[in-house]
Amino acid sequence: RWFVLDDSAGLLSYYTSKDKMVRGARRGCVRLRNAVVGIDDDDDSTFTITVDAKIFHFQSHDSEERETWIRALEDTILRHALAMTRRWDPSRPPPTMADFDKKLTESDGYLQLLIEQAQQLQQLHT
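Residues numbered from 1 in each chain as written. Predicted model: local features only at pLDDT ≥ 70, side-chain atom pairs only at ≥ 80, totals over all residues. Heavy atoms only, no water.

Visitor: I'm lost on the sheet that holds strand 2 (residues 11-15) in this one. Help?
Guide: Read across the sheet, three strands follow the order 1-2-3 without closing on themselves; strand pairing throughout is antiparallel. In this open sheet, the two strands that pair with only one neighbour each are strand 1 (2-6) and strand 3 (28-31). Neighbouring strand axes in the sheet, compared pairwise and without regard to direction, differ in orientation by 20° on average. Where strand 1 lies against strand 2, five bridges are found, and the strand directions are antiparallel. Bridging across to strand 2, Trp 2 finds its partner in Tyr 15. (Pairing = 2+ DSSP bridges. Helix = DSSP H or I, 4+ residues; strand = E, 2+ residues; numbered from the N terminus. Axes fitted to C-alpha atoms, helices over the stretch in contact; angles between N-to-C directions.)

Encoded structure:
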C-alpha cells in the first residue's frame with residue numbers, strides 16, 4: 001500500500017499501488033481527528049492508529065521511518081485538536097508546543113510513579 005498524509009485535511013489516504021496514488025484512485029482513508037497513535041516496544045517498525053473504535057495496523061521499513069510517520073501523524077492530530085479548541089473558545093490563546101511538551105513531561109512523571117509503585121507492590125508479594 002501507498003500512503004499520503006494530508007495535513008491540512010487531517011486524513012491519511014491509502015492506495016493499492018503507486019500508479020493509483022499518482023492518478024488519485026484512493027482505496028480508502030483514515031480520519032485523524034481524535035485519533036491515537038500507538039507503538040509496540042517489542043517491534044520497532046510497527047505502530048497503530050486508533051480512531052472511532054477501529055484499530056489500523058501499520059508497518060514501516062525500520063524504526064527511523066516509523067518515528068518519522070509517528071511524528072507527522074501526531075503533529076497532524078495535535079494541529080486538528082487545536083483547531084477544534086479554537087473553535088470552542090476563541091478568547092483563549094491556543095496551546096503551544098511548549099504546553100504540549102509540559103503535559104507530556106507530566107504524564108511521563110506519573111507513568112514513572114505508577115511503575116515504581118507497581119514494582120514495590122510486586123516486591124511486597126514475593
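Visitor: Is there a simple way to think about the nonpolar core in this case?
Guide: Ranked by internal contacts, the top residues of the largest apolar core, which has 13 residues, are Leu 12, Val 30, Leu 32, Ile 49 and Leu 73. Listing elements by their share of this core, those giving two or more residues are strand 2, strand 5 (46-51) and helix 2 (63-88). (Core = buried A, V, L, I, M, F, W, Y, C linked by side-chain atoms within 4.5 Å. Buried < 20%, exposed > 50% of the residue type's maximum accessible area, 1.4 Å probe, protein only.)

Visitor: Is there a simple way to think about the pairing of strand 5 in this case?
Guide: Sheet faces and side chains relate simply in a regular strand, where the side chains alternate between the two faces. The element strand 5 is extensively covered by neighbouring structure, given that five of its six residues are classed as buried. As defined by bridge partners, strand 4 (residues 36-39) adjoins strand 5 across four bridges and the pair is classed as antiparallel. Residue pairing in the sheet places Ile 39 in a bridge with Phe 47 of strand 5. What sits between the antiparallel neighbours strand 4 and strand 5 is a turn of six residues.

Visitor: Which parts of the structure should I look at to understand the UniProt feature "domain: PH" (unreviewed entry) in the protein?
Guide: Sites flagged by UniProt as "domain: PH" (unreviewed entry) map to residues 1-78. End C-alpha to end C-alpha, residues 1-78 measures 25 Å, and it is 28% helix and 38% strand. (UniProt positions renumbered as here; feature names shortened; annotations may be inferred.)

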